[in-house]
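For reference, the chains in residue letters:
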Amino acid sequence: MRFKEESVEEKLDHIKRKQEEMSIHKHFPADPVKQAVDKFPLLPEFLKVRGLVKQHLDSFNYFVKTDIKKIVRANDRIVSSVDPSIYLRFKDVRIGEPSITVDGISEKLNPHTCRLSDMTYAAPILVNIEYITGSHVQKTRVEKNDVVIGRMPIMLRSCCCVLYKKDEAELARLGECPLDPGGYFVVKGTEKVILIQEQLSKNRIIIDTDKKGNINASVTSSTESTKSKTVIVMEKEKIWLQLNQFTSKIPIMIVMKAMGMESDQEVVQMVGRNPRYSALLLPSMEECASHGIYTQQQALEFLERKVKKLPFYNPSLEKEGRGMAILRDTFIANVPVRQNNFRPKCLYVAVMLRRMMDAILNKDAMDDKDYVGNKRLELSGQLISLLFEDLFKTMISEVKKTIDAILAKPSRSSRFDFSQFIVRDSITVGLERTLSTGNWDVKRFRMHRKGMSQVVARLSYIGSLGHMTKISPQFEKSRKVSGPRALQPSQWGMLCPCDTPEGEACGLVKNLALMTHVTTDEEESPLISLCYSLGVEDLELLSGEELHTPNSFLIIFNGLILGKHRRPQRFANALRKLRRAGKIGEFVSVFVNEKQHCVYIASDGGRVCRPVVIADKGKSRIKEHHMKELIDGVRTFDDFLRDGLIEYLDVNEENNALIALYEADAKPETTHIEIEPFTILGVCAGLIPFPHHNQSPRNTYQCAMGKQAMGNIAYNQLCRMDSLLYLLVYPQRPLLTTRTIELVGYDKLGAGQNATVAVMSYSGYDIEDAIVMNKSSLDRGFGRCIVMKKFSAVNQRYENNASDRIVRPLKVGHDAERMQILDDDGLAAPGEIIKPNDIYINKESPIITKGPLISPVGLPDSAYKPSRQTFKGPEGEASVVDRVALCSDKNSNLCIKFLIRHTRRPEVGDKFSSRHGQKGVCGTIIQQEDFPFSERGICPDLIMNPHGFPSRMTVGKMIELLGGKAGVSCGRFHYGSAFGEPSGHADKVETISKTLVKHGFSYSGKDFIYSGITGCPLQAYIFMGPIYYQKLKHMVLDKMHARGSGPRVMLTRQPTEGRARNGGLRVGEMERDCLIAYGASMLIFERLMVSSDPFEVQVCRVCGLLGYYNHKLKIGICSTCKNGDNISTMKLPYACKLLFQELQAMNVVPRLKLTEA
Amino acid sequence: MEGVSYQRFPKIKIREVKDDYAKFELRETDASMANALRRVMIAEVPTVAIDLVEIEVNSSVLNDEFIAHRLGLIPLTSERAMAMRFSRDCDACDGDGQCEFCSVEFHLRAKCMTDETLDVTSKDLISSDHTVVPVDFSDSSGYDSADKKGIIIVKLRRGQELRLRAIARKGIGKDHAKWSPAATVTFMYEPEIHINEDLMESLTLEEKTSWVESSPTKVFDIDASSQQVVVADAEAYTYDDEVLKKAEAMGKPGLVEIYAKEDSFIFTVESTGAIKASQLVLNAIDVLKQKLDAVRLSEDTVEADDQFGELGAHMRGG
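Residues numbered from 1 in each chain as written. Chains lettered and ligands numbered in written order. Predicted model: local features only at pLDDT ≥ 70, side-chain atom pairs only at ≥ 80, totals over all residues. Heavy atoms only, no water.

- Chain B has the name DNA-directed RNA polymerase RpoA/D/Rpb3-type domain-containing protein in an unreviewed UniProt entry, where Vitis vinifera is given as its organism.
- What the UniProt record of chain B gives under Subcellular location (unreviewed entry) is the line "Nucleus".
- For the record of chain B, the UniProt heading Sequence similarities (unreviewed entry) holds the text "Belongs to the archaeal Rpo3/eukaryotic RPB3 RNA polymerase subunit family." (UniProt positions renumbered as here; feature names shortened; annotations may be inferred.)

- Where an unreviewed UniProt entry is consulted, chain A appears under the name DNA-directed RNA polymerase subunit beta, with the organism given as Vitis vinifera.
- As stated in UniProt under Function (unreviewed entry), the record for chain A gives "DNA-dependent RNA polymerase catalyzes the transcription of DNA into RNA using the four ribonucleoside triphosphates as substrates."
- Annotation of chain A in UniProt includes, under Catalytic activity (unreviewed entry), the sentence "RNA(n) + a ribonucleoside 5'-triphosphate = RNA(n+1) + diphosphate".

## Remarks on the UniProt feature "domain: RNA polymerase Rpb2" (unreviewed entry) in chain A
Residue and element names in this part refer to chain A.
Right, so step 1: UniProt marks residues 202–378, 454–518, 555–615, 637–669 and 1063–1153 with the feature "domain: RNA polymerase Rpb2" (unreviewed entry), using the numbering shown here.
Right, so step 2: Within the segment residues 555–615, helix and strand shares are 21% and 44% respectively, and the terminal C-alpha atoms sit 26 Å apart.
Right, so step 3: In residues 1063–1153, the share of helix is 35% and the share of strand is 22%. The end C-alpha atoms are 34 Å apart. (Helix = DSSP H or I, 4+ residues; strand = E, 2+ residues; numbered from the N terminus.)

## So, the environment of A:R901
All names here are of chain A.
Right, so step 1: Mapping R901 onto the fold places it in strand 44 (residues 894–904).
Right, so step 2: Judged by its relative accessible area of 4%, R901 falls in the buried class.
Right, so step 3: It is 9.5 Å that separates the C-alpha atoms of R901 and G831, two residues lying 70 residues apart in sequence.
Right, so step 4: Among the polar contacts listed, one links the side chain of R901 to the side chain of D882, at a separation of 2.5 Å. (Buried < 20%, exposed > 50% of the residue type's maximum accessible area, 1.4 Å probe, protein only. Polar contact = N/O pair within 3.5 Å; in protein donor to acceptor, adjacent residues only side chain to side chain.)

## Here we look at the sheet that holds strand 37 (residues 805–806) of chain A
Strands pair in a sheet through their backbones, by hydrogen bonds, and they do so in one of two ways: parallel or antiparallel.
Residues and elements named next belong to chain A.
Right, so step 1: Taken together, the three strands give an open sheet; going across it, the order is 37-40-41, and neighbouring strands pair in antiparallel fashion. Pairing within the sheet leaves two strands with one partner each, and these edge strands are strand 37 and strand 41 (864–866).
Right, so step 2: Pairing geometry for strand 37 and strand 40 (residues 843–846), over two bridges, is antiparallel. Its bridge partner lying in strand 40, I806 is registered against K843. (Pairing = 2+ DSSP bridges.)

## Remarks on helix 8 (residues 275–290) of chain A
All names here are of chain A.
Right, so step 1: End to end, helix 8 covers 22 Å across 16 residues, agreeing with the expected 22 Å (1.5 Å per residue, within 8%).
Right, so step 2: Of all the bends in helix 8, the greatest, near 35 degrees, is centred on L281, and the proline P283 appears no more than four residues after it.
Right, so step 3: Looking at the buried side of helix 8, the elements it contacts are strand 12 (227–235), strand 13 (238–242), strand 14 (250–251), helix 6 (252–258), helix 7 (264–271) and helix 11 (343–361).
Right, so step 4: Among the residues trailing helix 8, G292 stands out with phi positive, at a value near 70 degrees. (Expected span 1.5 Å × (residues − 1). Bend = angle between axes of the 7 residues up to and from the residue. Contact = heavy atoms within 4.5 Å.)

## Notes on the interface of chain A and chain B
Right, so step 1: With 40 residues of chain A at the interface, the matching set in chain B holds 33 residues.
Right, so step 2: Summed over both partners, the interface of chain A with chain B buries about 2900 Å², with 50% contributed by carbon and sulfur atoms.
Right, so step 3: Contact with chain B buries surface across chain A, with A:Y730, A:E929 and A:E935 losing the most and accounting together for 21% of the total.
Right, so step 4: Run the count over chain A and chain B and you get two salt bridges.
Right, so step 5: Across the pair A:D930 and B:R39 runs a salt bridge whose closest N-O atoms are separated by 2.4 Å.
Right, so step 6: The interface formed by chain A and chain B includes 19 residue pairs in polar contact (both at pLDDT 80 or more).
Right, so step 7: Taken together, the elements giving at least two residues each to the side of chain A that touches chain B come down to helix 23 (775–779), strand 44 and strand 47 (933–934) of chain A.
Right, so step 8: Tallying contributions element by element places helix 23 of chain A first for the side of chain A that touches chain B, with three residues. (Buried area = accessible area lost by both parts, 1.4 Å probe. Salt bridge = Lys/Arg side-chain N within 4 Å of Asp/Glu carboxyl O.)

Written as structure tokens, this is what we have:
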């Protein structure tokens, strides 16, 4: 009956659809392509609510609001094992306002003061407690609120931060840049970002092959209490279970029997009655029978024998045996066992087996580990929560230990206050240390990961944004595999296809795309009960046979099998409808997998998702009036979500959707429409104009170089005290912009200048990508940059209470000249010009720093030795002391920081780059009068060699030039957003050319140019116009190095190595080979010995050993022969002499045989 | 070669002269002469510009070097520059460049006392010599003449202060662009356009218009009455060959012939305001003469070889 109804419904539906199709066709010629709704205004709105680093903030907020409470609730009691009636209970936990307590006074913190004074931006963790106090007889329950148990570093702009929801003016008052996205921590004055970690998804069945080619099904289970990995593997036709707790593989059938599945038939039914499955299962059953195991009891005994023996194993603790315990708690731990009911677990294993067999029968059913839907991104909140859980548990056990020790004492004082024993330091220090080193060593969860947090790259604004979206890989970089490095089709719209480093980490390190959101966990139980009320048949009520009836789909919620549903599509639609109506969380994903006959519902954290416009039968739900309301400000992005116009799709659900790129491309089957195509790119790639016209690797190169470009860092850049800061003196906004540039604020904090570029050859100093620069342009400030370096000094206090002192500079005498820039307080004065070897702090330290305490005031001058700090900058360059800051560090020592500024103009060898991966060094600088000029008087700022184009195929750069030229002549910023031509976010070359012609230029962008040297016209038309150029941080001044004589290494007496140590330039193995081949023996001799480590030795001609020179007798003496009769003097490399002596020390005697030379 | 004189007598016809703009024709000479004039105007006509800045107080947002660089680029009126001495060969002050013959002192004192942002402009620079002052743009440009419209040096907010002493010296554009009096100096060859009337007549009006419009600049026009193609503005032609290509594409090669006259140049000179554009040309000619004199005078001296090296030897016919 029901069936019939549906078919009628379907038929009606079908007819309706037909009619609609027809009507569409009828309409089509009448009104040609109805103007697609411009959905672009959604983007800025989206970014306004989301910000650029929402993933970090959401994750941290989730931790602070929910996760931390869960952790504390799960471990809320400290009960004394001596007297169980004495306990402490944590009732509630919350994070207070960021503040610091100095000498009992609590002071509010703001992030910028923390940055400047090397403090940690942290807030107290406050708990409400309830505990028993009193003596033996009289016990009272006491409650205490807001007890501090430690300090939690606070993520900037999270809900705990003082910057939360502050407007621009308030941010400015706090010394913060309004464009700074937050999402990082300030730990000991350095900004630390916890990188997004990529991982394989937890609690999901993954079918894969191992190294031997065996197919296996694995589940990495992770629950609040345990983490385990279960692998079921097919080896030699038999199926085995691999689990860490067992010494060897266990036949799967034994495991099933141990869980109470004694009947083989039931197992077969659960896997599926298809004979092909049974055939694959048969060898395993025989294996089980061959062990003579038929009952649960026998199986458990078998498991007992296989359990790994633990060193501190106490058999008395468990009644039912370890085998059972492991099966219950560790084996696929994500499936809960309630009241020893193993049936859900058995079914789960059956599903795993079935999936595995599907994969054996049909290779397509194999899972792809690189598929983005199988990945989860672990964010700062999750990582901190892990850490906090560990530290909290450690603290509880510590407290327990101390109170037990106290309570165990027979004669303890009458008053016993539990709350006194809560230690705060362990949590504070643990969090701070882990965040600042980035080493997550959580023993409880067997987690040892390094480099999880990094110092925020503050080289350029884009660099720091890019750092926040970076995803660090799960694999180690050294693996030489191509799979995980390749571009995955499922990355579309989620991860940027361009932004990845070159070299070893290529393809492993990824970046989020512009609109990507990473989900956080969502409450599971309401969703589960919702599923049941939507018609999911409970697993408990189904027989094994019923599980896999055709047309019924398994409902899998966060990796847990809930049951089955007979009409999966309807179920999925119902759930989606609820989601669009806002009844369930917007990030819940529903994915109907037709192949596996499953419906996957996911509400877990770490999934990547993105917003798309919902379409009904190919028609966008967003209509003109919606956009108008948005522009008028009466509708926000959240309203779009709430009204079901837009929804978030995760990677899995995207497979159930047909997403049209543009509304015009939509077909009746289309379910969604993209908001804007350029959002598939990330922040870094979004800066490139016309990236879709470039060869793909060029965009990747630019993504790496954009992070090295100098420019403005933040509005508060001049108030910061970074250890190294590169700024451009006159940064500009690119003439050819993209929508992304405007969205992320690159137009406000640019990192480059618009240079008029002539593409021609000039002077020969432009080969190999070198560029020729106009000296007058440099005079006028092109490429001029400021380099700021921080030098710090500490006024140290020693253990004997003596401390360093800073004294008045000498006015006369030997060092007076080097102290000219010092003020009377002994510190360099701001604004003074400082040269290399100048003293910037006239510090003296006490000679005696150990031993008994002395009074620091009474020490005479003679008790101090000078420990002045001298400035070591580039030789021959004058820098300026920009600022001097004083603060006290955590040991309350006076800490002095000097910021030294150096303004540089470009010189030969400095590196520049356009936004198309075309880097080059400045090859030569030429006077303006020698530069070519056009009859309009336009003279280029730099000349680029045309050979840079053919092989690189950066057509985008050419279009940028054209667009820039049109832009300056018509006075409008032109756009070059990726894939933007159809939607009007990129200007077409055709229209650009028209603009050019309108302003009297050639449509091709080429100009008629005269040589500046001869005044004659050049033979060819020159392609000339403005291109946005970036100055990269690599400058010759920081790299150039030469040495005549200089320092030597003590051990070998050879010249030191490296520029920092003023080292020599090594004639290496290959250079030596060249000289040998050429036969320049004297040159080799000079390089390898005379200029390196010549050493005069006394050699005994008789015994061949080295002697010594007796300066008193003025003869060489052989200490072996005890005379000076047969001594010759010769020169040897000192390293050679050293080798001889080391050999002698090992009882090997090297003897020299001398011949007359 | 020997004895042949290439001496010619170039003619100049002035088309337009404004304070900071000049357009003239230079005829009967060749590219070397025109280019020499252009190069000298850019690089070797002396002006006065701020070269040394002593900062007393600077609490502005810009750092000292930044402000010094901006001060240097402010054009100062430099009519006197030709008569001044270079500080390096000034006898009166031992070359330290602090005397009236070679330098001008400036003072700048600004402090913002209000809540409104204070713009410190070139108008705030107080000169010790009334002949050398920052260039005033307000009257010449015509717009916003009521406002004080100097070149902004820095903006100050409440409480910020800038106090400095600056010394302006004579210099040339070759050393630093701040001493270059020229904003734009450029020339073009005068084009000579011959329309093949017969061939042109064979075109329809439509073809004519499309041909005329093929030029990005308005070189040709169609006479409204006679429907003939006429040269509207030969100098608008930018040697872009568009019309030639168009003619070829239309199947009428030779429709028009365009040559560049090898011996006549149209100069456009724009000055920064340091000296008048007309004076800039005259000064350039003076400087060019001096340079030639220097070559000619030391023609046969021994030090000429040191000074001019190969050039000297070459000129003596070596």
